[in-house]
Amino acid sequence: GALPAVLVWDRLARAFGYFSTLMLAYILQILGILLPLQGSLIAAIFGAFLFGATFVGCVSLVLTLSGRFYPNSPARLMGKMTLSYGIAQILGPAVTGVLTEQLGSYAWGVGMAAVCVALGAVINARLIPLEQHEPALIRS
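Note that the structure is predicted; figures quoted are calculated from it, not measured.

Scoring rules and cut-offs
- Residues numbered from 1 in each chain as written.
- Predicted model: local features only at pLDDT ≥ 70, side-chain atom pairs only at ≥ 80, totals over all residues.
- Heavy atoms only, no water.
- Salt bridge = Lys/Arg side-chain N within 4 Å of Asp/Glu carboxyl O.
- Helix = DSSP H or I, 4+ residues; strand = E, 2+ residues; numbered from the N terminus.
- Axes fitted to C-alpha atoms, helices over the stretch in contact; angles between N-to-C directions.
- Parallel < 35°, antiparallel > 145°, perpendicular 65-115°, else oblique.
- Left-handed = near helix turned anticlockwise from the far one by under 90°.
- Contact = heavy atoms within 4.5 Å.
- Nonpolar A, V, L, I, M, F, W, Y, C, P; charged D, E, K, R; others polar.
- Disulfide = S-S within 2.5 Å.
- Buried < 20%, exposed > 50% of the residue type's maximum accessible area, 1.4 Å probe, protein only.

Draft legend 1. Representation of the pattern of salt bridges. Per the stated rule, a full pass over the model turns up one salt bridge. Note that R14 and D10 form a salt bridge whose closest N and O atoms lie 2.8 Å from each other. Highlighted residues: R14 and D10, both in helix α1 (residues 5-16), separated by four residues, approximately one helical turn.

Here it is as C-alpha cells:
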C-alpha cells in the first residue's frame, strides 16, 4: 500500500485540495488501525494495506503543506514535525506494551493510536476552510 501512496495522494490532493485529501487519509488510516481488532487474517491484511497507504500519504501531504505555508523556512516546521513524530514513535509502543501487559490485550494501545489519528483529523477539519480562502496556495 505504501509503494504508490505518494503519487496517488498527491494526485488526489491536486484534484480535491490538500486538507480535504488529508481528511480522507486520516479516516482511512483510522479504519486501517482498527481493522486488525476484528481478529481475521483478511482484516489484518487489509488494515495493514490501508495503514501503509495512508501513513505515507499523510506524511507527504503534511510535508507539502509545510512547504507551501512556510516557503521561506519549511525545514523548521518539518523538523518540529519529525521530532514530534519520533517522540510518538517511541512512546506509543512503550505505552502499548505496558497496557498490553497489564490488560492482556493490544486493543487499548491500538484504540489509543486510532484516537490520536482522530485528534489529528479534528485539527485538520478546522483547516479545511483555508482551501476556500487560499485555493491558489493549497491547490496546484
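Draft legend 2. Spatial organisation of the packing of α1 against helix α3 (residues 41-69). Between α1 and α3, the least distance of the axes is 8 Å, while the angle of their chain directions is 55 degrees. In terms of their interaxial angle, α1 and α3 are classed as oblique. In the packing of α1 onto α3, the handedness of the crossing is right-handed. On α3, the residues that touch A5, V6, W9 and A13 of α1 are A53, T54, V56, G57, S60 and L61. The class makeup of the residues in the contact of α1 with α3 is seven nonpolar, three polar and no charged.

Draft legend 3. Here's a closer look at the state of the cysteines. For the structure on display, the rule yields zero disulfides. C58 forms no disulfide, and the closest cysteine sulfur to it belongs to C116, at a distance of 13 Å. Here C116 falls in the exposed class, since its relative accessible area comes to 56%.

Draft legend 4. Quick look at the environment of L65. Here L65 lies in helix α3. The exposure class assigned to L65 is buried, which follows from its relative accessible area of 7%.

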